[in-house]
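# Chains, contacts and geometry: an overview
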Amino acid sequence: MKKAVEFKLCGKSASIEFNIMRLAKFEKALGQSLFYIMSTNGILRSMDINFTIAGLAYGLEKELTLEEAADTIQKHCDEGGILDDINDAIYRGIIASGLFIKAAAKEAAEE
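Quick look at the structure, then. Just so we're clear, the structure is a prediction, and the values are computed from it rather than from any experiment.

### Looking at the nonpolar core
The biggest cluster of nonpolar side chains holds 29 residues, and the ones touching the most others in it are Phe-7, Phe-26, Leu-56 and Ile-94. Broken down by secondary-structure element, the contributors of at least two residues to this core are strand 1 (5-9), strand 2 (12-16), helix 1 (20-30), helix 2 (34-37), helix 4 (49-59), helix 5 (66-78) and helix 6 (83-96). Apart from the residues lying within four places of it in its own chain, the contact partners of Leu-56 are Phe-7, Leu-9, Ile-16, Ala-69, Thr-72, Ile-73, Ile-86 and Ile-90.

Written out as structure tokens, the structure is:
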């Protein structure tokens, strides 16, 4: 039950949506399991810039390279945005994938 999560990126509408392959690429880029990251204390420790870059690269409708994602994040921040704008969408996108918490998937996509 994957659902797209809408958010603003560089002042424009964007969406993040994860399927199993995109999440596998995300995990590979991070070098750790998303099951660990989604654990009670894991998410806050793991939300670093690499998390943001990989999540954006593999979560957007049109996948980006890690370098393109970093450039997009830099532009977003240069225009007044912050990393948490993107991290929030990534986190909600992971939940909305339905692979971790089924009951919360619909609510995460709608927040």
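What follows continues from the structure just given.
### Considerations on a nonpolar patch on the surface
On the surface, a nonpolar cluster with roughly 320 Å² of combined accessible area is contributed by Ile-20, Met-21 and Leu-99. Checked against the element boundaries, Ile-20 lands in helix 1. Accessibility expressed as a relative area gives 62% for Ile-20, which makes it exposed.

### Re the environment of Lys-28
Topologically, Lys-28 is positioned in helix 1. Looking at Lys-28, the relative accessible area reads 73%, which means it is exposed.

### Comments concerning the packing of helix 1 against helix 4
For the pair helix 1 and helix 4, interaxial distance at closest approach is 9 Å and the crossing angle is 155°. Taken together, the axes of helix 1 and helix 4 lie roughly antiparallel to each other. Crossing geometry of helix 1 relative to helix 4 is assigned as right-handed. Here helix 1 contributes Arg-22, Lys-25, Phe-26, Ala-29 and Leu-30 to the contact with helix 4, which in turn contributes Asn-50, Phe-51, Ala-54, Gly-55, Tyr-58 and Gly-59. Class assignment for the residues of the contact of helix 1 with helix 4 results in six nonpolar, three polar and two charged.

Criteria and thresholds
- Residues numbered from 1 in each chain as written.
- Predicted model: local features only at pLDDT ≥ 70, side-chain atom pairs only at ≥ 80, totals over all residues.
- Heavy atoms only, no water.
- Core = buried A, V, L, I, M, F, W, Y, C linked by side-chain atoms within 4.5 Å.
- Buried < 20%, exposed > 50% of the residue type's maximum accessible area, 1.4 Å probe, protein only.
- Helix = DSSP H or I, 4+ residues; strand = E, 2+ residues; numbered from the N terminus.
- Contact = heavy atoms within 4.5 Å.
- Patch = residues over 30% accessible without salt bridge, like charges linked within 9 Å, V, L, I, M, F, W, Y side chains within 5 Å.
- Areas by Shrake-Rupley, 256 points an atom, 1.4 Å probe, with all protein chains shown as cover.
- Salt bridge = Lys/Arg side-chain N within 4 Å of Asp/Glu carboxyl O.
- Axes fitted to C-alpha atoms, helices over the stretch in contact; angles between N-to-C directions.
- Parallel < 35°, antiparallel > 145°, perpendicular 65-115°, else oblique.
- Left-handed = near helix turned anticlockwise from the far one by under 90°.
- Nonpolar A, V, L, I, M, F, W, Y, C, P; charged D, E, K, R; others polar.

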